[in-house]
Every structure is written in C-alpha cells, then in structure tokens.
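# Fold and contact review
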Protein chains: 2
Amino acid sequence: MEAIGAFVAGPRIFVKGQESGVLAGLSFAAKDLFDVKGIPTGAGNHDWPSGRPLPTRHAWAVQTLLDAGANLVGKTITDEVSLGILGENPFDGTPVNVRAPDRVPGGSSSGSAAAVAAGLCDTALGTDTGGSVRVPASFCGLYGIRPTHGRLDLSGMLPQAPSSDTAGWFARDALTFARVSAVMLHEKISESLPDHLVIAYDCFGFADPEVSLALQPMVEKLARLIGSSREDMLAPQGLSAWARAQRTLQPAEAFETFKDWIDERNPRLAFSVARALVVGSMLPESERSWARLMREEVRSRMAWLLPSNTVLCMPTTPVPAPPKGQRLSILDPLRDRITCLCAQGGLAGHPQVNLPGSTVNGLPIGLSIIGPRGSDAMLVALAQAMEKIN
Amino acid sequence: MEAIGAFVAGPRIFVKGQESGVLAGLSFAAKDLFDVKGIPTGAGNHDWPSGRPLPTRHAWAVQTLLDAGANLVGKTITDEVSLGILGENPFDGTPVNVRAPDRVPGGSSSGSAAAVAAGLCDTALGTDTGGSVRVPASFCGLYGIRPTHGRLDLSGMLPQAPSSDTAGWFARDALTFARVSAVMLHEKISESLPDHLVIAYDCFGFADPEVSLALQPMVEKLARLIGSSREDMLAPQGLSAWARAQRTLQPAEAFETFKDWIDERNPRLAFSVARALVVGSMLPESERSWARLMREEVRSRMAWLLPSNTVLCMPTTPVPAPPKGQRLSILDPLRDRITCLCAQGGLAGHPQVNLPGSTVNGLPIGLSIIGPRGSDAMLVALAQAMEKIN
C-alpha cells in the first residue's frame, strides 16, 4: 500500500488514540502541515524543517482526534507550504488519485485526500485556505469540509494566509464523515435539515457543461430533500472579480507569512510556488485596498444569500481532475478558473462541504453545499441525508 | 582534493587534449554550462538535464582548448542556469574559495574560479553575462577575462541573455593567462601596451573606501606603466541608471531564454533565482524600451571614453567577497551594488580583464582594465606587463 505514495517519506508513524473514544478503531492521517509531537513538520518543502525545533506537542486537530480514540497512521504529502491546488509536488511526488490514476489528486491536501480515497485510512486532516480541501475532495470523490473560518483551534497547524486559513477533513462515506465532524466541531450532528435551497446559477454556468449536467441529479435530489428552492447568482460582481480579490489578498498574506523564512533560507521551491510568493510581494497597495473592499462586498452578499436554515449549492470545481504533468501555460488558466468557484470560501469564511457521487467520463466531480457561518453541523447532516436516500 | 567541491557531483571526467599543442600539459575545467560530448550538461539545476539529449559534440570553447593540447579534468559548479553572481547554489553546494574560505566564491562561474584558485587545474572556462567571470575573479584573486561581446563562438554554451553573454577564463598567473588567451582569442599577445589610462573616479568613489585605497598602488603602477593618465567619470547618467538598464534587459532576455523550460517543467529553483525570472517576465515594455535607449547611451559613452590604445581602470567589485550563508535582505542590496560596476560589460560589450594582487583585510579584491572593443589581447598584454614589474 505504501507504493500509493500518499504519505511523506521516512519511517511510518503510528500514534495510538484513546482506548474508549467515540472514534475508537478509526484510523487517520494528518497533512504534513500539522504538528505531531517529536516528528519534524515537513510542509512539503525540503528546506522547511531545517533549523526548526521538533514539535513538542500535537496540533490541536491531531490531539482532538487522538483523544476521541482514532489512531494516527501517517503524515501526508502536501503542496509546498500549502501553495497549490493541483497536488503536484516535485520534491515529494504526486500522490496517486485512485479514482483517476492518470490525473492529479488536487491539492494542497493531496496526500490526505489520496490516502482516504485509497482506503489507507478512514479520515485525514487537511487545510483549506483557497480550496485545498474542497478541490481534492472533488477530484478524488470524497466528502470533505472547509469549516466556518475562525471556528476551530488552528494551533500547531502551519499558517499560510491566516484570514482565510481553515483545517478540514475527508471521508469516503457520510457516516464516518459525520462521526469525525461531530468530534472536530464539538457539536452533535442533528437530523434537522435546512428549509431552503439556493442554486447558484452563475456557478453552474461557469463550470464545464458536462460538469453541470453530471451534477444535475444531485441538485434535484437536494431540492426534493429540502423542499423549497430557487435560483440566484452567487456573485453579482462577477466570479472573476471575487477570484481576483482572493488572488490578491491570499498571496500578499502568504508572502507576509513566509517572508522571513525566504529571507533567511532562500529556499528551493518549484517555479510556480516561488512565483506565487514573488507576485504576493509585488502587489501594489491600490490593488490590495480594492481587494479588501471587494471582500466586504462578498461577505455582505453571502450573508444576504444565506440566512439561517438556507443552503446554497454549486459545483465544487468547474472541471474534474486534469491530467498530471501538464505545462504551466495549460495549468495556470485552469487554476484561475478553479479559483473563481473557490474564492468565496477564503473571502467570506462560510462553511462548505463537498458531496461526492457524480462523475464525468468516469472522473469524480463534487457538488458543494454552503451554509451560513456556524452551520457546519447542518451541512454534515444534509450530507448524511443525501447519502441515505441514494 | 575532491573535498574542495568545485566540481559537479558524479564520476570525474578526463578528456585528453592534442599531444603537441601550445597548451600541452595544461589542465582545464569547464563550467557546467559548456557541452562536453557524451556528458549531460547540468547547468547547476537538477531539473535542467532531464529530457534532453546528451551533447553529441564539445562546445567550441572546450574543443579549442583540447585542440591546443590542454586536458579537460572536470565540469564545475555554477549558479543555477547562470543566474547569480555570488556562487551559492543550494542544489550543488557552494565551492570553497580557498583565498577566503568563510566567504562566497562569487558566481556564476563559482566552481571554475574556485578550482583554479585551489590549484585543481591551470585554467577554467566560465561565462559572463552580468559579471559571472569578473566577480569570482575579483573574489578569488585570479586573472579573469570577459572578452569583447560577439567575438568568440559560443556554440555548445548554454545561453542566458544572448545580447550580453560571453565565454571567459581564469588563471592564477599572467603567463598562463596569456597562453590560454592567445589560443582562445586566436591572436598573438604582443608586447605593445596602451598609451593612455582613464581612471574612472565615479567607480572608485562608489566602491568601499578600503577597496579603493587597497587598489591605489595598482592604479599607480598602471599609470606609470602606461605613461599618460587622467581621471574621468565612467557613467555620467549614473552607475545606478546603467545598472537599472542591465537589471531590466538581462532578466527580460533570460526569461525569454528559459520560459519554455519553465512552462514545461515547472523546475525547482532557489527562491532568488525564480524571483529573477518572475521579475523578468513582469517588466513592462515602457521600462524595457527605456533600458534599450540607455544601452545606446552607454555604448556611445564607452566608445568616446575608449578610443584605440586607451584603457580604463576601475574596481571590479565594490566590495570583497561577502560571508557565506547570509540572508537575502543583506545580499540583495549588495548584489545591486555589484551590478552598478558590472553593468557596463553586459550593456556595451567591451573586453574587461580582472587583475588580482590587492587585498582588504586579507580578502582578494581585483582591479579591472577595460579597453576598446576588440582590444582583448592588449588587455592581456597589459596584465602580463603589470605582473612583470611586481
């Protein structure tokens, strides 16, 4: 199973969870951005660990799963310092997406998604700043959550752009997803569902036609389950304007996060990763102040669209996983398109769950449900309800 | 001796030169940007060689030295794809500058300079686009030449910015330097010297005071040898304006050279190297067109300053070799200062020779002599004459 390559190189680790927790018997992996006591945090970059002390405690998310009885079975490959959403890491390798072996797994939580999809563990921790749980969940056909921004304790997790950073997790089935979510959210997953559905027609229009078509049966099922639905735009200002705001705020903040390291170590990075940081360092204040205002507009729009007991649905990604090993000039515009659908997460911080279950030419593609801030458990309950009526 | 680390990793190579040439018995090394038949050209970057066919012939410069009887004893470490002037390569390591072991060797012809300085070979080939022979010659205390741009055949040498690229060489003593130069330039090194010296007072003023002071005896010796001298400015528009022009034209051209490789391979690079390429890709046409005009002004100024039989002298670098392993925020302004003195080479293409012989606190520092275009052999003759009257 090791050959699947979802785990980072080096000795396999195993940390036993509490004997009697609610997750006893489950196995989990942690993206190599989460601290595990005594093990270097690799961050997907060979120049990251050197000169840093070993973690003296587990990250909060790791400790929480261990306390609930789950066993930690490994640390997983990530895009370098979480900068990437496709999951190709030239230092550690590209984890195999078992649902589409010639395709990328999605990133930056690439190894966590690949490990769960391959059955190497029951659940796995990831991080999501600009799409890093949502994109691999969509590409690998998994349940995956980006929780409400600011809800979970991120201590021991390597930051990227703190105003967008979240910790999330993956599962293959809705029941496991719900059990893990109840622990991580510290909230019972009730059976009460939202009573109104918003279908974001601009997002469906933005995705490839085959993607929107493939998701249609899931949308109809959602609408039947919830009872009341309407179509509306997610982004009146344009998905491209929202994406531009995120592509301004996130790299500028990421550069702030990593600039001391860059200055001290002149680290080796893939060109595309270095480029994101260089661009982050060069954005003029005029562009950044515009992006901050647009973020306020995005927050206001999403608060208006999503009163309590309402959920919005949209394609998680506009395309299924692209082939591995493509040139930057093909991947760059694709990445920008993916960002158009993911940007709302980093900008507004609403919780979002990817529902698997559809495919395009055999490739997984996910439907996202997004709720009001704090409605994470409701989204998980809806995911379970959707699976039950399969 | 291998521990000195000036050579690239892998099996040592040895290519015997012609039995009876004028350089018979001399050993030489070639910067790992020059093709050697059957050996991958590494270019200082681990993602460069893959997917490329092995060279089917030697680079012109390598063949020329072999034909003259010198033996090729190794390929030397270079800054990645020649982008760097300090000689710290995080993939291949930093060659040891035996004249200042805690200091950088200078780059990008770092291994070639280090190997000659350490006595591992008699001469070595380097390349100089923005200072890559001149800076390591100054830092390692060697004779080194940047020939007239366009004079030598660069076939089989990896290009960076073709309008500035040259191939040069190093030696520890003036006689070896002259013997190799006669072969490479295909011109007898006569004994006729220039009859006028221009002392570039703006360049001496720009260097650290200790550097200018340390070079003073060599300047006086030059003046005595030549007989007639005067002070003048090199750059009425400002050394900083000349440097800005070079820092615009060179990275923009380098990006053109490497953009297909970057696009196809998304190569791993040190952040500083990727940054140079990213910046090169982002320069607006307004800035580039200004730089092209400034280059014309530089060419006109240097043609006026340097009629035939005239030579100009200036410090090769404004400082001796800085300590190894310093952070980018210390190295970046230092690199910019070095570029202020080197820019004229890439912009105007005049031949330049570094004369060793001075030190600051024990660290080598070089005096440069620059002549009219095509006067390479006259500069070599002057270097020999200077050594003779030591």
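Residues numbered from 1 in each chain as written. Chains lettered and ligands numbered in written order. Predicted model: local features only at pLDDT ≥ 70, side-chain atom pairs only at ≥ 80, totals over all residues.

## Let's talk about the overall build of chain A
Quick reminder of the rule: Where helices and strands are cited, they refer to DSSP runs of H or I of at least four residues and of E of at least two residues respectively, numbered from the N terminus. The globule rule used here is 2.2 Å times the number of residues to the 0.38 power, and the radius of gyration it is set against is calculated over C-alpha atoms. We call a residue exposed when 12 or fewer other C-beta atoms sit within 10 Å of its C-beta, buried when the count reaches 20 or more, and partly exposed for counts in between; the C-beta positions come from the backbone.
For chain A, the helix and strand inventory stands at eleven helices and eleven strands. The C-alpha atoms of chain A give 19 Å as radius of gyration, which agrees with the globular expectation for 390 residues (21 Å, within 12%). By its C-alpha atoms, chain A is 55 × 55 × 35 Å across when sized along the principal axes. The burial tally for chain A puts 60% of its 390 residues in the buried class.

## Side note on the pairing of strand β10 (residues 352-360) of chain A
Regular strands show a simple pattern: their side chains alternate between the two faces of the sheet. Residues and elements named next belong to chain A. As a reminder, the rule being used: The pairing criterion for strands is at least two bridges between them, as found by DSSP.
For strand β4 (residues 143-146) and β10, the ladder comprises three bridges, and the chain directions are antiparallel. The residue bridging Ile145 from the neighbouring strand is Val353, located in β10. Here β10 runs beside strand β11 (residues 363-370); their pairing, made up of seven bridges, is antiparallel. When the sheet's bridge partners are listed, Thr359 is paired in β11 with Pro364. Count of turn residues in the β10/β11 antiparallel hairpin: two residues, of which Asn361 carries a positive phi of about 50°.

## As for unusual backbone geometry
Leaving glycine out, the prevailing phi sign among residues is negative, and the prevailing peptide bond configuration is trans. Cis peptide bonds are those with omega within 30 degrees of zero, and the linkage from A:Gly107 to A:Ser108 qualifies with 5°. Residue placement: A:Ser108 occurs in the loop between β2 (71-76) and α2 (110-117). Positioned with a positive phi, B:Val81 is a non-glycine residue whose angle comes to about 35°. Take B:Val81: it is sitting in the loop between β2 (71-76) and α2 (110-117). Judged by local crowding, B:Val81 falls into the buried class, with 24 C-beta atoms found within 10 Å.

## Observations regarding the relation of the copies chain B and chain A
Selection criterion: Here the copies are superposed with least squares, the fitted atoms being C-alpha atoms of residues at a pLDDT of at least 70 in both. It is the C-beta atoms, placed from the backbone, that decide contacts: two residues are in contact if theirs lie within 7 Å.
When chain B is fitted onto chain A, the two copies agree to an RMSD of 0.0 Å after a turn of 180° and an axial shift of 0.0 Å. Here the two chains are linked by the operation of a two-fold rotation axis. The residues that chain B uses at the interface reappear at the interface of chain A in 100% of cases, marking a shared surface.

## Re helix α8 (residues 271-282) of chain B
The cut-off we apply is this: Take the residue count of a helix, subtract one, and multiply by 1.5 Å to get its expected span.
In this model α8(B) runs 16 Å from its N-terminal to its C-terminal C-alpha over twelve residues, within 8% of the 16 Å that 1.5 Å per residue would give. Summarising burial for α8(B): nine of the twelve residues are buried, a large majority. In this structure, the buried side of α8(B) is in contact with α7 (239-265), β8 (268-270) and α8 (271-282) of chain A together with α7 (239-265), β8 (268-270) and α10 (328-348) of chain B.

## A look at the interface of chain B and chain A
Filter applied, for reference: The classification used treats Ala, Val, Leu, Ile, Met, Phe, Trp, Tyr, Cys and Pro as nonpolar, Asp, Glu, Lys and Arg as charged, and all other residues, Gly among them, as polar.
Contacts between chain B and chain A engage 18 residues on the former and 18 residues on the latter. Mapped onto the side of chain B that touches chain A, the elements with two or more residues apiece are α7, β8, α8 and α10 of chain B. When residues in the side of chain B that touches chain A are grouped by element, the largest group, five residues, is from α8(B). In terms of residue class, the side of chain B that touches chain A is made up of ten nonpolar, three polar and five charged. Relative to β8(B), β8(A) runs antiparallel, the two being bridged by three bridges. From the neighbouring strand, A:Arg268 faces β8(B), where its bridge partner is B:Ala270.

## Re helix α1 (residues 60-67) of chain A
Residue and element names in this part refer to chain A. Among the eight residues of α1, six are classified as buried, and the element is accordingly described as predominantly covered. What α1 keeps buried is the set Ala61, Val62, Gln63, Thr64, Leu65 and Leu66. Where α1 is buried, its residues contact β1 (27-31), β2, β3 (123-128), β5 (166-171) and α4 (174-185). Taken from the residues just after α1, Gly69 is the one with a positive phi, measuring 105°.

## Description of the domain arrangement of chain A
Residue and element names in this part refer to chain A. Defined as follows: Either an automatic procedure or a domain database provided the assignment from which the domain bounds are taken.
Domain boundaries assigned for chain A yield domain 1 (2-185) and domain 2 (196-388). Just the C-alpha atoms count here: the centres of domain 1 and domain 2 sit 19 Å apart. Taken together, the contact between domain 1 and domain 2 spans 52 residues of the former and 48 residues of the latter. Mapped onto the side of domain 1 that touches domain 2, the elements with two or more residues apiece are α3 (134-140), β4 and α4. Classifying every residue of the side of domain 1 that touches domain 2 gives 23 nonpolar, 19 polar and ten charged.

## Comments concerning the sheet that holds β11(A)
All names here are of chain A. Quick note on the threshold: The axes used here are C-alpha line fits, helices contributing only the stretch in contact, and every angle between their N-to-C directions lies in the interval 0 to 180 degrees.
Here ten strands make up an open sheet; going across it, the order is β2-β1-β3-β5-β4-β10-β11-β9-β6-β7 and the pairing mixed. A single partner strand is all that each edge strand has here, and the edge strands are β2 and β7 (229-232). Along the sheet, successive strands turn relative to each other by an average axial angle of 25°, direction set aside. Strand direction decides the pairing type here: strand β9 (residues 310-315) and β11, joined by four bridges, are antiparallel. By the bridge assignment for β11, Cys313 is matched with Ile369. In this fold helix α11 (residues 376-388) packs onto β4, β9, β10 and β11, with an angle of close to 25° to the strand it touches most, β10.

## Regarding the packing of helix α9 (residues 285-305) of chain B against α10(B)
All names here are of chain B. For clarity, the threshold we go by: Should an angle fall under 35 degrees it is taken as roughly parallel, and over 145 as roughly antiparallel, whereas 65 to 115 is taken as roughly perpendicular and any remaining angle as oblique.
One way to put it is that α9 packs onto α10 with a least axis distance of 9 Å and a crossing angle of 95°. When the axes of α9 and α10 are compared, the pair comes out roughly perpendicular. Contacts between α9 and α10 involve Arg295, Val298, Arg299 and Met302 from the former and Gln344, Leu347 and Ala348 from the latter. Looking at side-chain class alone, the contact of α9 with α10 contains four nonpolar, one polar and two charged residues.

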